[in-house]
Structure formats: structure tokens, C-alpha cells
Amino acid sequence: MKILVSLLAVSALWAAGPRREFTPGEVWPDTDGNPIQAHGGGLLRHKGRWYWYGEDKALGNFNRTGVAVYSSKDLYNWKREAIALRKDDVPELFRDHGVCERPKVLYNRKTRKFVMWMHLDDRGYAEASAGVAVSDSPTGPFRFLHQIRPIHYDFGYPEKDRTNQRERGSTYRDMNLFLDDDGRAYAFYASEDNWTMYVVRLNAEFTGPEAPAVLGRTWARILVRQMREAPAPFKHKGRYYLITSGCTGWNPNRAGYAVAGNILGPWTDMGDPSAGPEAETTFRSQSTFVLPAPGAGKGAFIFMADRWMPKSLQDSRYVWLPFRVDAAGRIELKWRTRWDLNIFKSELK
Ligand code: GAL
């Protein structure tokens, strides 16, 4: 009965016709009426469409399904396309009760491949590695290439280290990718067992770090010893921005952002971007991506975050909020119950 009622509710939502607004924190059905399963996600724009990649948690926590991909022409209405990377296509340790989180995809114009990076882990989060997969099509199937820890660096290894960084390299967990205007790509990730963020330039194929890796030239330690995660980078007027969260697992916390003239730093802490009620928990959500808002002029962006439901992760929600970088280079995130892209022509002009 309960299932029937929720089925009716969801189909009623879709029967209302195409969606024309964002309703942060509400159930967001795809064009078939099923709740979108693309958590810890990221967007790619390709040939007039957006693709949304994320963790499919329909069967609960851990990697029971793989990475889902949806497509849209307007950002409101999303069609489920496929499982872009099936859980059986990653090494066994990361399937079922293993972890495959925060997938992000870039298109490489030289190789004409879509390249996916993700955070792979065992259920105890000690493997802490990157996974890389490639595909000829944005909807997959992605072919798994390798599991790596991109950087080996003696940051002063802890004596007891269940993640074996001395032997295996610095850990790789919450992550994002960023494609710069000059065609060079970077991975941002929580490293050193989440103590320090790394930003690492990728090789020409985007399938690994640029080699040889040279600290300060091809990669950098940023937000050093600050324990930040959930990195969401973007660029405006030649300056780089990075929104992050604190490290409290599935529970939300206060966001922060930093700005830099050079992607490898130095990065300047700008404080909490959120304002108003529930700013202290980022409106009960955690950053995952920032998208330049379409048709809204320079400096207009959409902040994308996950409102995790730790007891039933499949019911986790999405919190998308608009913002514009102001003349002083500052940003402000405000809660909105509903909004659409016209906001960039009115309130956020
Ligand atoms: C969070 C992280 C999520 C997930 C979770 C597991 O800190 O941002 O992506 O890994 O921990 O507890």
C-alpha cells in the first residue's frame, strides 16, 4: 500500500508536465517518474546537452549498482540514460560492499574520449584510491582503466597509518575534476587521510597525473591540514574558486570557500559562503559541483549539493542553489524553496 501511494505520488508529479523550476531538498523525479539516483554527482555539457553522473544508491549504500548517467536539455528535466559504469566493471574490492563515490567526467578533445574519475575504497575507507575509466560516448559504457594514488609525497607520514601512504602514495578520497580554459585538466581531492587537499594537473589524455609530478609546478598541497572535503571548483574572471565542506561523514556541516589567482595556489580562505537560517549546515547539504549557469552572463553559477539521508541513502536529496560572484569576488549562498533560471535576470542580475 505504502509503495502504491508513493508510486501514485511520483507519477502525479510527472503528470503535472515538464518541470520548470528547481525545488531544493524535494524528491526530484526523472522523466520516467523515478527519483534521480546521481549522488555525489557532477555535470558535463556536451553537444547541447547536459549529462549528470552520480552514485546510484537505489539499492542502498555502497557500490551495488554503479555510476548512473542522466541527460537534459534544460537542467530541470532529466532522462535516465544508462549505468555509465557498472559496478561489475570496477575491481572486485569496490563492488557491492565497496565504495565508488563522487564520479566526475571530462571530455578530452584530443583523444575524443570521455574520461571518468571516481573515489574507490573498501568499506573501511582504507584503500582510498582514484579510479579512472574511459568511454567513446557520454552515456558509456565506460571501460575501467586503472586504480591509482596519483601522488607519492613525504608530507611527514603518521607513524600508524592504516592507509599505507609511505608505500602506496597519498590517499585519494572526495574529489572533483576541473577543465581549465587552456585545455589542461586538474583533479582536486582530499588527501593525506583527508587532512590536506591536493590539486593535481592531469596528463594530456586525462588518465593520470602529469609526469613527472613536481610539487608547486604540476601539483600542490592546498588548504593544508584543514580537513576539508567535497571540493567544488569553478573559475571566474581568471580567478579560481573552491567550495568545500568539513569532514563529518554523511552529516552536514559548514561550507567554506577559497580563491586563488593560480590554480596551484596560494589559495586565500574566504570563509563561509552560506547566509541565513541553516547556513551552519550548508542548508543540511554537502557540496558536490558548481555549474556555470546557462544564458545568465558572466559570474552566474549553480551550487550543487547532496542532502544525505544516512539511514536510507537512496532517499538522499539534491540541493541546487543559484549565486553570482559579486564585484568584490565574493559569493553568497541563500536558501530558496523554489527557483528557476530567470532569477539571473531579476534578483541575481
Ligand atoms: C563523506 C563524503 C561522502 C562519503 C561519506 C561516507 O565525508 O563526503 O562522499 O564518502 O563521507 O561516510
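Residues numbered from 1 in each chain as written. Predicted model: local features only at pLDDT ≥ 70, side-chain atom pairs only at ≥ 80, totals over all residues. Heavy atoms only, no water.

Novice: Can you tell me about the site of the ligand, naming the residues and giving the values?
Specialist: As a structural note, the neighbourhood of the ligand is formed by Glu101, Arg102, Tyr125, Asp174, Glu229, Gly249, Trp250 and Gln286. A distance of 2.5 Å is found between an oxygen atom of the ligand and a side-chain nitrogen or oxygen belonging to Asp174. The separation between an oxygen atom of the ligand and a polar main-chain atom of Gly249 is 3.4 Å. When isolated, the ligand has an accessible area of 310 Å², and the protein chains bury 87% of it. Its residues assigned to classes, the shell around the ligand shows 2 nonpolar, 2 polar and 4 charged. (Near = heavy atom within 4 Å. Polar contact = N/O pair within 3.5 Å; in protein donor to acceptor, adjacent residues only side chain to side chain. Areas by Shrake-Rupley, 256 points an atom, 1.4 Å probe, with all protein chains shown as cover. Nonpolar A, V, L, I, M, F, W, Y, C, P; charged D, E, K, R; others polar.)

Novice: Give a detailed account of the packing of aromatic side chains, specifying residues and quantitative values.
Specialist: Under the criterion given, the structure shown has 29 aromatic pairs. Seen in terms of ring centroids, Phe178 and Tyr240 are 6.0 Å apart; in terms of plane orientation they differ by 80°. Their pairing is edge-to-face. On the criterion of sequence distance, the pair formed by Phe178 in strand S9 (residues 175-179) and Tyr240 in strand S14 (residues 239-246) is long-range, its members being 62 residues apart. Owing to a relative accessible area of 9%, Tyr240 belongs among the buried residues under this scheme. Between Phe188 and Trp267 the ring centres are 6.1 Å apart and the planes differ by 85°, which places this aromatic pair in the edge-to-face class. Of this pair, Phe188 sits in strand S10 (residues 185-191) while Trp267 sits in the loop between strand S15 (256-260) and strand S16 (268-271), and the two are 79 residues apart along the sequence. Given the relative accessible area of 1%, Phe188 is considered buried. Overall, the relative accessible area of 14% leaves Trp267 in the buried class. Following the ring pairs from residue to residue traces out a cluster consisting of Phe22, Trp28, Trp52, Tyr70, Tyr76, Trp78, Tyr318, Trp320, Trp339 and Phe344. Sitting over the ring of Trp50, Arg45 keeps its end group 4.0 Å from the ring centre. (Phe/Tyr/Trp six-rings, centres within 6.5 Å; stacked < 30°, edge-to-face > 60°. Helix = DSSP H or I, 4+ residues; strand = E, 2+ residues; numbered from the N terminus. Buried < 20%, exposed > 50% of the residue type's maximum accessible area, 1.4 Å probe, protein only. Lys NZ or Arg CZ within 6 Å of the ring centre and 35° of its normal.)

Novice: Just give me the short version of the sheet that holds strand S2 (residues 49-55), but keep the residues and values in it.
Specialist: Taking strand neighbours across the sheet as the criterion, the 4 strands line up as S1-S2-S3-S4 in an open arrangement whose pairing is antiparallel. A single partner strand is all that each edge strand has here, and the edge strands are strand S1 (39-46) and strand S4 (79-86). Between one strand axis and the next, the sheet turns by 25° as a mean value, whatever way the strands run. Pairing analysis gives 6 bridges linking S1 to S2, with the strands arranged antiparallel. Within S2, the residue paired with Leu43 across the bridge is Trp52. (Pairing = 2+ DSSP bridges. Axes fitted to C-alpha atoms, helices over the stretch in contact; angles between N-to-C directions.)

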